[in-house]
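# Structure at a glance
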Amino acid sequence: MIIIKTPEEIAKMRVSGQTVAQVLTILENNIRPGITTRELNAIAEEECRKRNAIPVFKNYPNSFGGRPFPGAICASVNDEVVHGIPGNRVLKEGDIISIDFGVLLDGFAGDSAITVPVGEVSPQVANLIKVTEESLMRGIEQARPGNRLGKVSHAVQVYAEKHGLSVVREFVGHGIGRNMHEDPPVPNYGRADRGPVLKPGMVLAIEPMLNMGTPKVLTKMDDWTVVTQDGLYSAHFEHTVAITDRGPEILTLR
Ligand code: MG
Ligand code: MG
């Protein structure tokens, strides 16, 4: 069931979304060769404390029966697609890191992800990051009343594939509100004429995960970290977007 939010609830989600955006900006400014993903996680936890925000990924249950997610951020490096666990890994020049982060504040969730180069990266990898963010924006443009959700999904896929990237199928975006994950699922692929008709008050987390090679992924033995099957790099961008009478409003805009 898709939950329609009132204007008052959207106002609260705007605050949650902006909190996520602020923390992601702080994290981005700390990304450099030599920092560990654990240090980035500690920064995120501290910034949550300052803002009285609950880091909503922390202790999230594992769908394979493994341990709950131990971090406030997902830190996915290079061929890691999503759900990387922050730890001892030291970022080095030429790496890319996707940081996915969400909070619960005043009863409402916000969820956003960015992919950031560590120092200089190759032109192909820079292009992966750029096209993934652009594909998200193409999808968001379609998040308006009267459109079917499939228009969002289709716009992301067409843009990604036109630029030679592949779309991960196993993980998708989602509705968001009092819970981080609500209906409907928001795939990054598929036909434009499918899915529910979008209405004002729906709020979606749209989050393309694009790969340089095969779209196929697998989950590592830690029951969390998702990697590309061919070891090529993957990028991930996400925004929490409210459908309004005037069109899409990006609640996590930085
Ligand atoms: Mg996310
Ligand atoms: Mg999400």
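It should be noted that the structure appears before, not after, this text.
Source: prediction; values computed, not measured. (Residues numbered from 1 in each chain as written. Chains lettered and ligands numbered in written order. Predicted model: local features only at pLDDT ≥ 70, side-chain atom pairs only at ≥ 80, totals over all residues. Heavy atoms only, no water.)

This part takes up the nonpolar core. Counting 49 residues, the largest nonpolar core has Leu-40, Ile-97, Phe-101 and Ile-206 as its most contacted members. Filtering out sequence-adjacent residues up to four positions away, Ile-97 remains in contact with Ile-31, Thr-37, Leu-40, Ala-75, Ser-76, Val-77, Leu-91, Ile-114, Thr-115, Val-116 and Val-118. One finds Ala-109, Ala-205, Trp-224 and Leu-251 within the second-largest nonpolar core, a separate group that totals 16 residues. (Core = buried A, V, L, I, M, F, W, Y, C linked by side-chain atoms within 4.5 Å. Buried < 20%, exposed > 50% of the residue type's maximum accessible area, 1.4 Å probe, protein only. Contact = heavy atoms within 4.5 Å.)

Attention now moves to the coordination of the magnesium ion (ligand 1). Looking at the metal site, the magnesium ion (ligand 1) is ligated by Asp-100 (OD), Asp-100 (OD), Asp-111 (OD) and Glu-238 (OE), spaced 2.0 to 2.7 Å from it. Sequence spacing among the residues donating to the magnesium ion (ligand 1) works out to D-x10-D-x126-E. Here the magnesium ion (ligand 1) and the magnesium ion (ligand 2) are spaced 3.1 Å apart, with Asp-111 acting as a shared donor. Linking Asp-111 in strand β5 (residues 108–117) with Glu-238 in the loop between β13 (234–236) and β14 (239–244), this pair joins segments that are 127 residues apart in sequence. Given a relative accessible area of 2%, Asp-111 falls into the buried group. (Donors = N, O, S within 2.8 Å, 3.2 Å for Na, K, Ca; no water. Helix = DSSP H or I, 4+ residues; strand = E, 2+ residues; numbered from the N terminus.)

The subject of this paragraph is the sheet that holds strand β3 (residues 80–82). Ordered in space as β3-β12-β11, the three strands form an open sheet in which the pairing is antiparallel. One side of each edge strand has no neighbouring strand; the edge strands of this open sheet are β3 and β11 (217–219). Between one strand axis and the next, the sheet turns by 40° as a mean value, whatever way the strands run. Bridge count for β11 against strand β12 (residues 226–228) is three bridges, and the pairing is antiparallel. In the sheet register, Val-217 faces β12, and the bridge partner there is Thr-228. (Pairing = 2+ DSSP bridges. Axes fitted to C-alpha atoms, helices over the stretch in contact; angles between N-to-C directions.)

Secondary-structure assignment places Ile-73 in strand β2 (residues 73–77). Among the residues examined, Ile-73 registers a relative accessible area of 0% and is labelled buried. Between the C-alpha atom of Ile-73 and that of Thr-219, which follows or precedes it by 146 residues, the distance is 18 Å. The residues touching Ile-73, leaving out its near neighbours within four places in the chain, are Leu-27, Thr-37, Leu-40, Asn-41, Ala-44, Phe-57, Gly-84, Pro-86, Ile-99, Asp-100 and Phe-101.

Let us look at the environment of Thr-252. Tracing the sequence through the fold places Thr-252 in the segment after β15 (247–250). Judged by relative accessible area, Thr-252 falls into the buried class, the value being 0%. Put simply, Thr-252 and Met-13 are 239 residues apart on the chain and 9.2 Å apart in space, counted from C-alpha to C-alpha. Aside from chain neighbours lying at most four places away, what touches Thr-252 is Gly-17, Gln-18, Val-20, Ala-21, Asp-111, Ser-112, His-239 and Thr-240. A distance of 2.7 Å separates a polar atom in the side chain of Thr-252 from a polar atom in the side chain of His-239. For Thr-252, the side chain forms a polar contact with the main-chain nitrogen of Thr-240, separated by 3.0 Å. (Polar contact = N/O pair within 3.5 Å; in protein donor to acceptor, adjacent residues only side chain to side chain.)

Among the 10 residues in strand β4 (residues 96–105), nine count as buried, and that is most of the element. Pairing analysis gives two bridges linking strand β1 (residues 54–55) to β4, with the strands arranged antiparallel. Across the sheet, Pro-55 pairs through a bridge with Val-103, a residue of β4. Pairing geometry for β2 and β4, over five bridges, is antiparallel. Paired with Cys-74 across the strands is Asp-100, a residue of β4. Relative to β5, β4 is paired through 10 bridges, and the arrangement is antiparallel. By the bridge assignment for β5, Val-103 is matched with Gly-110.

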